[in-house]
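Coordinate analysis (summary)
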Amino acid sequence: MMNINSTTQPQRLTDEQKEETISLIEILLRFVRYWKWFVIGIAVALALAFLYLRYTTPVYNVTSSIILKESKNQRFQQSLMGGMDGLQLGGLGAVANLENEIYVLQSRSIIRNVVNRLNLHTSYIVEGRIKSIDLYKKSPVIVSMAQSKLDSLQQNIEFQMQMDDQAGTISVSGLIGGVQVDTIFTVLPALLRTAQGDISFTRRPGVESGNKPLNVVIQRPESVLKQYRNSLSVQQASKQASVLDLSINTPYPEKGKDFLSMLVEVYNNETIEDNKMEAFNTQTFINDRIAIIDGELGQAEREVEDYKRRQGLTDLQADLQRNMQMGSQYERQLVEVETQLNVVSSLNQYINNPANVNKTLPTNVGVEDPTLAATTSEYNRLVLERERLSQSMTNDNPAMRRLEEQISGLRQSINSSIQSVEQGLSIQRRDARNQANIYGGRIGSVPTQEREFMELSREQQIKASLFLMLLQKREENALELAATANSAKVLDEAVLAGKVSPRSMILLLAALMLGVLIPAGIIYLMDILQYKIRTRADVDKITRVPVLGEIPKHDESDNVAVQENETRPIDEAFRMARTNLMLTLGADNKVVVFTSTISGEGKSFVAINMAISTALLDKKVLLIGMDLRIPRLKEYMKLDTHNGITSYLSGFEKDIDSLVAPSGIHPNLYVLPAGPIPPNPAELLSRPTLDSAIAKLKEEFDYIYIDSAPSAQVTDTLILSRVTDATVYVCRADYSSKGNLRFANSLMEQNKLKNMVLVVNEVGEFHRGYGYGYGYGYGYGYGHKKGEKKRK
């Protein structure tokens, strides 16, 4: 006897491995059945995407770039301190603390000034059929409020404005501050008084009025500031350059262009004001000193004039010219030293004055000390930088603390430098005074009048020299105030870079993917939750029993499906299963039992039609009904007999041949029904009488097919296994659970049934000649399928 299980079992995969082995063709076929779902899903997703693109306001990206130039203080500091790093930095024109400038550009104060100057807190909305748009500068009327009232707004102001060109009127209606307003203006400019403040209406020149109503929205500047600050991006173009890339995302490109342009303008204006602050402080200091020195110089000149008049002095003696020249030289030196000492003393008083702690220090006032000048310039730069950063940072910020420490250190250094300069000037004054006394002693014989005159003249010269120096410094400072060079130069004007969102192609591709993935996910979820077998692929993933064939769906009212000389799918399916069964049995095996896991899977139907198909081969076939508990074979075959195999097994009939009846379907097919239902089916099947009956019938018939009871419900089939040569195990698509196939696997593993083969009944998607079952018979194969298609 041929044992297929023993030869094929080592070549089979385990259950877990088989369930993971899914071919690409099986996956595609599984989803192709639901192609309508995919078409509907893609159509719905694309329709939603088109609707979204149509009704969503696009957001655009506006970009610009600027380059920051070095300030005068930075260049002066680099020229004094030198060093390779300072030379390279100055050569490239880089700006120190570029990150601080980025913070300044994004500060609330600068953005607030931009919003207020462009009136960005006021929107002029026109409702369209699809989407609304903001007219911005194309609005025929400018609506504005006082800045103080705007800053005190607690909620937005919204109202509708309608222009009537024929009547020349403007109507305003809406709920403002909880009060209903309905006003008509006949002349512009006009003023609307509300509880939240006065609203002015001004005609915009060069813009034609339209008849469409405008929805005017006046927002709180703080909320608008936050929107623009969040959408603004300031980044350094490269680490070695002082170029900054500015960009902003906005639904209205014109607003974005104006915003970036005004941002650079406001930044330049504030930088110029910061730079002028130092010059203004210096100017105030010089003017104060000029006023004091002017008074002292006038007094000295009047004293000289009065002395000459009283003493009658007109000329100096010729012999004292040489001594007086040398004395005058040291007197001039003494005057210069005295002048610098006065300036240093005044500067020391200015620095130590508590009222000037947060102010910049005067520069270029006549102190000829490079170290003090460089330290003062660096101190003023840090004070200005602290003033600018305080607009966007708090005093607790680490950067502000670090800046305060640097300023405090520089202030101490300046005090030390001033003391050092004073000491040096004091030494110079002492030396000059000693030399002047030497030459003064040589002219001691000069009359008292001449000596007194020289003392008065010297005082006059000191005051005059100091006065002229202050006038010169005032002119230099005035030139510095007149210089208004911008700190930022625009490299690229603000332009529209492109649309940021929605991205049409990406959105359509995403919609297309969702239209495919959502139905696929639903189908996959349905497949996971499916506990019944549906297709041949489900069977192959679970079972280890060789598959004999597939039986397509048929008319359940007629149990005789196979007909002679027919080429219907069901006839071909039974021919394929018959051929595979013949090859499985071989030449000497004749007895085949048909069973299933539970009732209703179609074992009787398969047994009847397999017997008919075998009889068509001119083979004498006997179909025995061995389902003794629920016998249906007689009913299905429409036999008119009451006795059967149970009568012979019970001993009521001695001749089994008398119980065999023609089928009435084919002359080679005979039927032995079950007969009366016995009380002890299992015991009857266990009697030796069954063995002798099967042995006798095998001599008379070519093949014996036994319709047995379900294997999972009763033990009848397992008892019958001793007289059979092969077992055809039947499962039904969309009916049998996956557990039924695992039960069949256990029967085969335990060798409880002989030469098990599987038939899948009621297959919805029957693919004749798909190539299954090659191990158990040739079938038709792919060649037959292709040939049949060609003939069609």
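Residues numbered from 1 in each chain as written. Predicted model: local features only at pLDDT ≥ 70, side-chain atom pairs only at ≥ 80, totals over all residues. Heavy atoms only, no water.

When helices and strands are counted, the protein shows 26 helices and 21 strands. Sorting the 792 residues of the protein into buried and exposed places 46% on the buried side. When contacts within the protein are restricted to residue pairs at least 6 apart in sequence, those whose partners lie at least 24 apart make up 78%. (Helix = DSSP H or I, 4+ residues; strand = E, 2+ residues; numbered from the N terminus. Buried < 20%, exposed > 50% of the residue type's maximum accessible area, 1.4 Å probe, protein only. Contact = heavy atoms within 4.5 Å.)

Another point: the packing of helix H18 (residues 569–585) against helix H19 (residues 603–615). Taken N-terminus to C-terminus, the directions of H18 and H19 make an angle of 80°; their axes are 9 Å apart at the nearest point. Classified by the angle their axes make, H18 and H19 are roughly perpendicular. Across the interface between the two elements, Ile570, Phe574, Arg575, Ala577, Arg578, Leu581 and Met582 of H18 pack against Phe605, Val606, Asn609, Met610, Ser613 and Thr614 of H19. A per-class count over the contact of H18 with H19 returns 8 nonpolar, 3 polar and 2 charged. (Axes fitted to C-alpha atoms, helices over the stretch in contact; angles between N-to-C directions. Parallel < 35°, antiparallel > 145°, perpendicular 65-115°, else oblique. Nonpolar A, V, L, I, M, F, W, Y, C, P; charged D, E, K, R; others polar.)

We now examine unusual backbone geometry. Backbone torsion omega between Leu188 and Pro189 reads 5°, so that peptide bond is classified as cis. Along the chain, Pro189 falls in the loop between strand E7 (179–185) and strand E8 (190–194). Geometrically, the link from Ser501 to Pro502 is a cis peptide bond, its omega value of -5° lying close to zero. Along the chain, the position of Pro502 falls in the loop between strand E13 (488–501) and helix H16 (504–529). The phi angle at Tyr136 is positive, at roughly 55°, despite the residue not being glycine. The class of Tyr136 is buried, set by a relative accessible area of 11%. Although it is not a glycine, Asn565 sits at a positive phi angle of roughly 60°. Mapped onto the elements of the fold, Asn565 is located in the loop between strand E14 (547–552) and H18. Asn565 gets classed as exposed once you look at its relative accessible area, which sits at 70%.

Across a sheet, paired strands are connected by hydrogen bonds in the backbone, their directions being either parallel or antiparallel. The strand order across the open sheet formed by 3 strands is E4-E9-E8, and the pairing between neighbours is antiparallel. Only two strands of the sheet have a single partner each, and these edge strands are strand E4 (141–145) and E8. Across the sheet, the axes of successive neighbouring strands diverge by a mean angle of 20°, strand direction being ignored. Looking at chain direction, E4 and strand E9 (residues 197–203) are connected through 5 bridges and run antiparallel. Bridged to Val143 within E9 is Phe201. (Pairing = 2+ DSSP bridges.)

Averaged over every residue, the pLDDT of the protein is 80; the share at 70 or more is 86%. Across residues 1–13, where pLDDT falls below 50, the model places 27 contacts with residues more than four positions away in sequence or in other chains. Across residues 15–22 the pLDDT falls below 50, and counting only partners more than four positions away or on other chains, this stretch makes 16 contacts in the model. (pLDDT = per-residue confidence, 0-100.)

A word on the sheet that holds strand E16 (residues 621–625). Sheet architecture is open: 8 strands sit in the order E14-E21-E20-E15-E19-E16-E18-E17, paired in mixed fashion. With one partner strand each, in any of the chains shown, E14 and strand E17 (661–662) form the two edges of the open sheet. With 5 bridges connecting them, E16 and strand E19 (residues 703–707) associate as parallel partners. Bridge pairing in E19 places Leu622 opposite Ile704. Running at roughly 135° to E19, helix H23 (residues 688–700) makes contact with strand E15 (591–596), E16, strand E18 (669–672) and E19 of the sheet.

So, about H16. Taking 1.5 Å of rise per residue, 26 residues should cover 38 Å, and H16 covers 37 Å from first to last C-alpha, within 8% of that figure. All buried positions along H16 are accounted for by Ala511, Gly515, Pro519, Ala520, Ile523 and Asp527. (Expected span 1.5 Å × (residues − 1).)

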